[in-house]
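Listed below are the residues making up each chain.
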Amino acid sequence: MASPSLPLFFLFSALILSQTTFSISTSQPSHGSGRHTSAGSFIPTDGFLSTLRSTLDEIQRVVSIVSSFSGVLGGGLRMSSAVSDCLDLLDLSSDELSWSLSSSQATTTSVSGTGNRRSDLKSWLSAALSNQDTCKEGLDATDSMLGSLIATGLETVTSLVADSLSEVATATGSNGGKGGRMLVEGFPTWIKSKERKLLQAAPQGIVADAVVAQDGTGNYKTIKEAVNAVPDMSEKRYVIYIKKGVYKENVEVNKKKWNMMLVGDGMGVTVISGDRNFVDGWTTYRSATLAVVGKGFIARDLTVENTAGPSKHQAVALRSDSDLSVFYQCSFEGYQDTLYAHALRQFYRDCKISGTVDFVFGDAAAVFQNCQLLARKPLPDQKNSVTAQGRKDPNQNTGFCFQFCNVSADVDLASALATSSPNQTYTYLGRPWKEYSRTVIMQSYIGNVVRPEGWLEWNGNFGLDTLFYGEFMNFGPGSGLASRVKWPGYHAMNNTDQVANFTVAQFIDGNLWLPSTGVKYAAGLTA
């Protein structure tokens, strides 16, 4: 192999030397527990604030190294995607830590959260903890030295965030999001009429701020153009109506597009379609057809698909990093890695999600109500897994909860099931992507597509003692518990107090923010 050019050699050397001097010690002395009073009123210590500032400084050091290599290393699409991922993810971590710092110092409610300081801090710090892993995973799939060059910096950021999260998580006090009214049917009565109608009215009856139509009858012909024109950091809901049609484009709602709403003409009628995938050189994170980052995002009555097919492996339809986001009456279609619930608080209602391997994955705190989870026919050497939840630290507030849902076979797999024994199919409810993976399925129908053992190992005994997988009051031919796995982390739940922790009101603090969206939801265990 040829030697690098002299300037590039000196750049490598300088950056490698900088690794030995810029990293903050991860074994710093304890800064003590934060003070706290009632629910939601966690009072940070000076040490807590100092750690947040140190972490922000460390992120900037890592960013400077990644930026220095941008466009230098070559490596084609995969490398450029991985570098872009790292810069975006570190930027998100910086934002989430800045929100945490601002909220910790503020005497008034932060505009970035729900107003429950402790809950918001846990959510933002949980997200900031996982972003570095996603950066590393993208770089690991390249042949670049960049991954090893920034490894120490990424580990330092993660360690410092974990320290801050631990302080918030171990503070006593009840969850400020629990309780509140439970909705049985319709919409909460305290919702303003204008907001409620956005999810209640027929799409054609909504007064939109912008209209997308391929036939030229709207303001824009592409969704990208409409999204790019949305005002930045708007506190007011901005509605884009997308008329029927298949829109072959990859759409990103960036972090500055707050409170945006996409409204289609219905599932299968308005379709956003892409085919980016891992085999063709994209990172998993960058493969998404629709990627949403700006907070307060809502989508309703549309389909998002990735048409790459099973042979292309990881190919995301939706990726969401949007805090306090809602997806209502939407369909997400793909094969491996269909829905990437990457981070922060998310709610899905009356949606349809189809796929094969790990087709709902990520490290968000997400609740799915009244959704269909449809397993498709995998490749011959593959096993289906509905979920692969990525919680890596026991103090994170993340996990997936499926309530009033339906786990069944999609049309192609149902046809295969009809000609073979159901127990010869290999579909499972989930497998532990990370050590503290957490998924609960409750009050849901589980079809015979799911094998009797229910859950699948990731790699030998990895995570089996530390994960939390729970089932509660499910029904259907695949819901029997007699042959379920015997892992220490698996729970056949029968305690309603324990199960209540995974309801909308408590798990994602839904009563603090879902009413303002107008989406219908059940706050507790009553449908």
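None of the values given here were measured: they were computed from a predicted structure.

J.: I'd love a proper account of the overall build of the protein chain, names of residues and values included.
T.: The secondary structure content of the protein chain amounts to 11 helices and 24 strands. Looking at the protein chain alone, contacts between residues at least 24 apart form 72% of all its contacts between residues at least 6 apart.

J.: Tell me about the sheet that holds strand 7 (residues 290–292), and name the residues and values.
T.: Within the open sheet, the seven strands sit side by side as 4-7-9-11-14-17-20. Their pairing is parallel. Of all strands in the sheet, those with a lone pairing partner are strand 4 (251–253) and strand 20 (427–430), marking the two edges. Ignoring strand direction, the axes of neighbouring strands in this sheet form an average angle of 15°. The pairing of strand 14 (residues 360–362) with strand 17 (residues 384–389) spans three bridges and is classified as parallel. Bridge pairing in strand 17 places valine 360 opposite threonine 387.

J.: How would you explain the UniProt feature "active site" (unreviewed entry) in the protein chain if you had to name every residue and give the values?
T.: Mapped onto this structure's residue numbering, the UniProt feature "active site" (unreviewed entry) falls at Asp358. Within the element layout of this structure, aspartate 358 appears in the loop between strand 13 (352–355) and strand 14. Ignoring sequence-local partners within four residues, the contact set of aspartate 358 consists of Asp337, Ser385, Val386, Thr387, Ala388, Arg431 and Trp458.

J.: Lay out the packing of aromatic side chains with the relevant residues and their values.
T.: Evaluated as defined, the whole model comprises 19 aromatic pairs. Relative to tyrosine 521, the ring of phenylalanine 347 has its centre 6.4 Å away and its plane inclined at 80°; by these criteria the two rings are edge-to-face. Highlighted residues: phenylalanine 347 in strand 12 (residues 345–349) and tyrosine 521 in the segment after helix 11 (504–507), separated in sequence by 174 residues. For the pair formed by phenylalanine 347 and tyrosine 521, the shared burial category is buried. With a centroid separation of 5.6 Å and an interplanar angle of 40°, the aromatic rings of phenylalanine 502 and phenylalanine 507 are classed as tilted. Three or more aromatic residues joined by ring pairs form one cluster here, namely Phe297, Phe327, Phe332, Tyr348, Phe368, Phe400 and Phe402. Positioned over the ring face of phenylalanine 278 is arginine 78, at 4.1 Å from the centre of the ring. Positioned above the aromatic ring of tryptophan 282, the side-chain terminus of arginine 276 is 4.1 Å from the ring centre.

The rules we used
- The numbering scheme is per chain: residues are counted from 1 as the chain's sequence reads.
- Predicted model: local features are reported for residues with pLDDT of at least 70 only, side-chain atom pairs are reported and counted for 80 or more only, and whole-chain, interface and lining totals are derived from all residues.
- The basis for the side-chain values is all heavy atoms of the structure; hydrogens and waters are excluded.
- Under the scheme used here, helices are H or I runs from DSSP no shorter than 4 residues and strands are E runs no shorter than 2 residues, and both carry numbers assigned from the N terminus.
- Residues count as neighbours in contact if any of their non-hydrogen atoms are within 4.5 Å of one another.
- Here, strands pair whenever DSSP counts at least two bridges between them.
- Think of each axis as a best-fit line through the C-alpha atoms, taken over the contacting stretch in the case of a helix, with angles from 0 to 180 degrees between the N-to-C directions.
- UniProt positions are given in the numbering used here, feature names are shortened, and annotations may be inferred rather than shown by experiment.
- We call Phe, Tyr and Trp rings a pair once their centres come within 6.5 Å, taking the six-membered ring for Trp, and we label the pair stacked below 30 degrees between planes, edge-to-face above 60, and tilted otherwise.
- Partly exposed residues are those whose accessible area sits between 20% and 50% of the maximum for their type, while under 20% is buried and over 50% is exposed, using a 1.4 Å probe and protein chains only.
- Here, over-ring charges are defined by two tests on the NZ atom of lysine or the CZ atom of arginine: distance to the ring centre within 6 Å, and angle to the ring normal within 35 degrees.

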